[in-house]
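Remarks on the overall topology
Below, each chain spelled out in residue letters.
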Amino acid sequence: MADASIPGGGQGAATIEPGLARVMGPWLLLLFIVGDILGTGIYALTGQVAKQVGGVVWLPFLVAFVVAVITAFSYLELVTKYPRAAGAALYTHKAFGIHFVTFIVAFAVMCSGITSASTASRAFAANLSQAFGLNYAATGITIIGLLFMAAVAAINFRGVGESVKANVVLTLVELTGLLIIICIGLWAIGLGQGDVSRVMEFRTVGDSMFWPVVAATTLAFFAMVGFEDSVNMAEECKDPTRHFPKVLLAGLVITGTIYVLVSISAITLVSAEQLGEGETPLLQVVQAGAPNFPVEIFGIITMFAVANSALINMLMASRLVYGMSREHVLPTALGKVHPSRRTPYIAIGFTTLLAFGLITFVGEVPALGGTTALLLLCVFTVVNIAVLMLRRDRVDHQHFRTPTILPVLGALSCAFLAGPWTGRDPVQYKIAGILIAIGVALWVVTVLVNRATGLKPAEPTMADIGGSGPQN
């Protein structure tokens, strides 16, 4: 496989470009990781998780945190072993060397970005309607979501430069909204308001508490995605081998703690039945715990947080499609660049059309967020297996080595949570299946065209498919 630092598959020393500047210390890296994880999931899905399990809404977030930490250990071994910007598709190719498997993983990551952005657009529309008293019906929410996604596409087409400093600002905005919820909850509990006893109430199926928690965890896992995106900052960290393990795990602990505290605050102030109604659970918490707090301000914070997630995810998705086209595994038309804007306009149009379809025909946040988690759980299963496969590949520097049991547990737990036995809504499999089928159909067409023209798939590189995963 070509070295990821040699664009275009590696043509020799003459094509090697200078490495990225190593400017990120541990604190900036920590903010980047926390910012990637915080976002749409906790803002949009808390109510749906409560609907599944009742008052122990915090428990599925805790279980999702544990599964994420186990998988994070696999990413830590990979990123310190190969301390270059990379992603799940490149790790998969390095482990298995099968172009079709690499393509499926890359396309699944791309699709998870689109479903995540569609979730964010729906959450944006619902919070806009609720916070400003517009009270739009389902059709109105859908129209706003479509207009929002069109605006994202326009920004994407124009060209957006993302920086770590901007991420810090956005992280602080997202964090502020969640700290408001925590403070309102603690203040209300201190005044004797709400019902703290609800935090231990289970909603059971028959006599079982296990399966409702598992079903809720499949949704809550969406709130933990984003940590894997941090591996793309490896080349810009001052000492990735030493800093990454401590910082990534610290970031996961911080966000996991915040999620549990937000969940406890929410269920203390609002019953599980009420939280499960509508698509703005945290707005309900603000209204119940601090009725004098200007709900419009919290609505704007929420909209700002999810809008950022939508933009970053659609940028990632369109660039992955563009990259796969460059490697001749998707039709070459998807790799066209606009002559003046210098952006992949056909890829942007393609990913936006997929998002339009999801917003229009799926619509609801649980189905979209659950599909994102489903796709990523499948990708994480492959990554955990890849860690074990790559143990045979020796490198000439010291790196983090996760205990062998953790990738095994990671693969098993992710595969388990992706299965139909969890009570996952079947519509999520339909959505994921349709999206992957579209990718496979395009891949087959491309293979036939390649054979007719004598082209072969290029070796994957960071510039093409190693980039960001979805951001929460």
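Our next topic: the overall build of the chain. Assigned secondary structure in the chain consists of 17 helices and 0 strands. Relative to its length of 472 residues, the chain is compact, with a C-alpha radius of gyration of 22 Å against a globular reference of 23 Å. Considering only C-alpha atoms, the chain reaches an extent of 70 × 45 × 45 Å along its principal axes. Put simply, 84% of the contacts in the chain that link residues at least 6 apart link residues at least 24 apart. Taken as two groups, the 26 positive and 25 negative side-chain charges of the chain have centres that lie 8 Å from each other.

Looking now at the pattern of salt bridges. The final tally for this structure, using the stated rule, is 3 salt bridges. R391 serves as the salt-bridge partner of E77, at 2.8 Å between the closest nitrogen and oxygen. With a gap of 314 residues between them, E77 in helix α3 (residues 58-81) and R391 in the loop between α14 (365-389) and α15 (405-418) connect regions that are remote in the sequence. Across this residue pair, the class does not change: E77 and R391 are buried.

Next up on the list: helix α11 (residues 281-289). Of all 9 residues in α11, 7 are buried, a share of seventy percent or more. Within the sequence span of α11, burial applies to P281, L282, L283, Q284, V285, V286 and G289.

Locating P403 in the fold gives a position in the loop between α14 and α15. With a relative accessible area of 44%, P403 lands in the partly exposed category. In sequence terms P403 and S74 are 329 residues apart; their C-alpha atoms lie 9.3 Å from each other.

In total, this model carries 16 aromatic pairs according to the counting rule given. Taking 5.9 Å as the distance between ring centres and 55° as the angle between the ring planes, the aromatic pair formed by F61 and Y259 counts as tilted. Here Y259 lies in helix α9 (residues 240-269) and F61 lies in helix α3, a separation of 198 residues in the sequence. For the pair F61 and Y259, one class covers both residues: buried. An angle of 35° between the planes, with centres 6.2 Å apart, marks the rings of W211 and F416 as tilted. Residue W211 is found in helix α8 (residues 210-220), and its partner F416 is found in helix α15; the two are separated by 205 residues along the sequence. A relative accessible area of 38% means that W211 is categorised as partly exposed.

Moving on, we get to the state of the cysteines. As used here, a disulfide is simply a covalent bond connecting the sulfur atoms of two cysteines. As enumerated under the stated definition, the model contains 0 disulfides in all. For the unlinked cysteine C111, the closest cysteine sulfur is that of C378, found at 12 Å. Residue C111 is classed as buried on the basis of its relative accessible area of 1%. You can see C414 has no disulfide; the closest cysteine sulfur is in C378, sitting 9.2 Å from it. C414 gets classed as buried once you look at its relative accessible area, which sits at 0%.

We now examine the environment of V199. Position of V199 relative to the elements: it lies in the loop between α7 (164-190) and α8. For V199, a relative accessible area of 12% translates into the label buried. Residues in contact with V199, not counting those within four places in the same chain, are G55, V56, W58, I264, I267 and T268.

Bringing the side chain of T119 into the picture now. Here T119 lies in helix α5 (residues 99-131). A relative accessible area of 0% means that T119 is categorised as buried. Those residues within four positions of T119 in sequence are excluded, and the remaining contacts are T40, F222, V365, L368, G369 and T372.

Across the interface, α5 lies against helix α16 (residues 426-453) with an axial gap of 10 Å and an inter-helix angle of 135°. Overall, the two elements α5 and α16 adopt an arrangement that is oblique. The handedness of the crossing between α5 and α16 is right-handed. Packed against α5, whose contacting residues are F100, F103, I104, F107, A108, C111 and T115, the element α16 presents L435, I436, G439, V440 and W443 at the interface. Residues of the contact of α5 with α16, tallied by class, amount to 10 nonpolar, 2 polar and no charged.

Calculation criteria
Every chain's residues receive numbers from 1 upward, in the order its sequence appears when written. Under the rules for a predicted model, residues below a pLDDT of 70 receive no local features and side-chain atom pairs below 80 are neither given nor counted, while totals for whole chains, interfaces and linings still include all residues. The basis for every side-chain value is the complete set of heavy atoms in the structure, and neither hydrogens nor water enter the calculation. Helix and strand assignments come from DSSP, with helices taken as H or I runs of at least 4 residues and strands as E runs of at least 2, each series counted from the N terminus. Radius of gyration means the value over C-alpha atoms here, while the globule rule gives 2.2 Å times the residue count to the 0.38 power. Here, two residues are considered to be in contact whenever any of their heavy atoms come within 4.5 Å of each other. The charge count includes Lys and Arg as positive and Asp and Glu as negative, but it does not include His or the ends of the chains. Think of each charge as sitting on NZ of Lys, CZ of Arg, CG of Asp or CD of Glu. The term salt bridge refers to a pairing of a side-chain nitrogen on Lys or Arg with a carboxyl oxygen on Asp or Glu at a separation within 4 Å. Each residue is placed in one exposure class: buried if its accessible area under a 1.4 Å probe, protein chains only, is under 20% of its type's maximum, exposed if it is over 50%, and partly exposed if it falls in between. Pairs were defined over the aromatic rings of Phe, Tyr and Trp, the Trp ring being its six-membered one, requiring ring centres within 6.5 Å. Orientation was assigned from the angle between planes: stacked under 30 degrees, edge-to-face over 60, tilted for the rest. We call a pair of cysteine sulfur atoms a disulfide when they lie within 2.5 Å. Here the axes come from fitting lines to C-alpha atoms, over the contacting stretch only for helices, and the angles between their N-to-C directions go from 0 to 180 degrees. Throughout, the term roughly parallel applies to angles under 35 degrees, roughly antiparallel to angles over 145, roughly perpendicular to angles from 65 to 115, and oblique to all others. Rotating anticlockwise by less than a right angle from the far helix to the near helix defines a left-handed crossing, while the corresponding clockwise rotation defines a right-handed one. Classification convention: Asp, Glu, Lys, Arg as charged; Ala, Val, Leu, Ile, Met, Phe, Trp, Tyr, Cys, Pro as nonpolar; all other residues, Gly among them, as polar.

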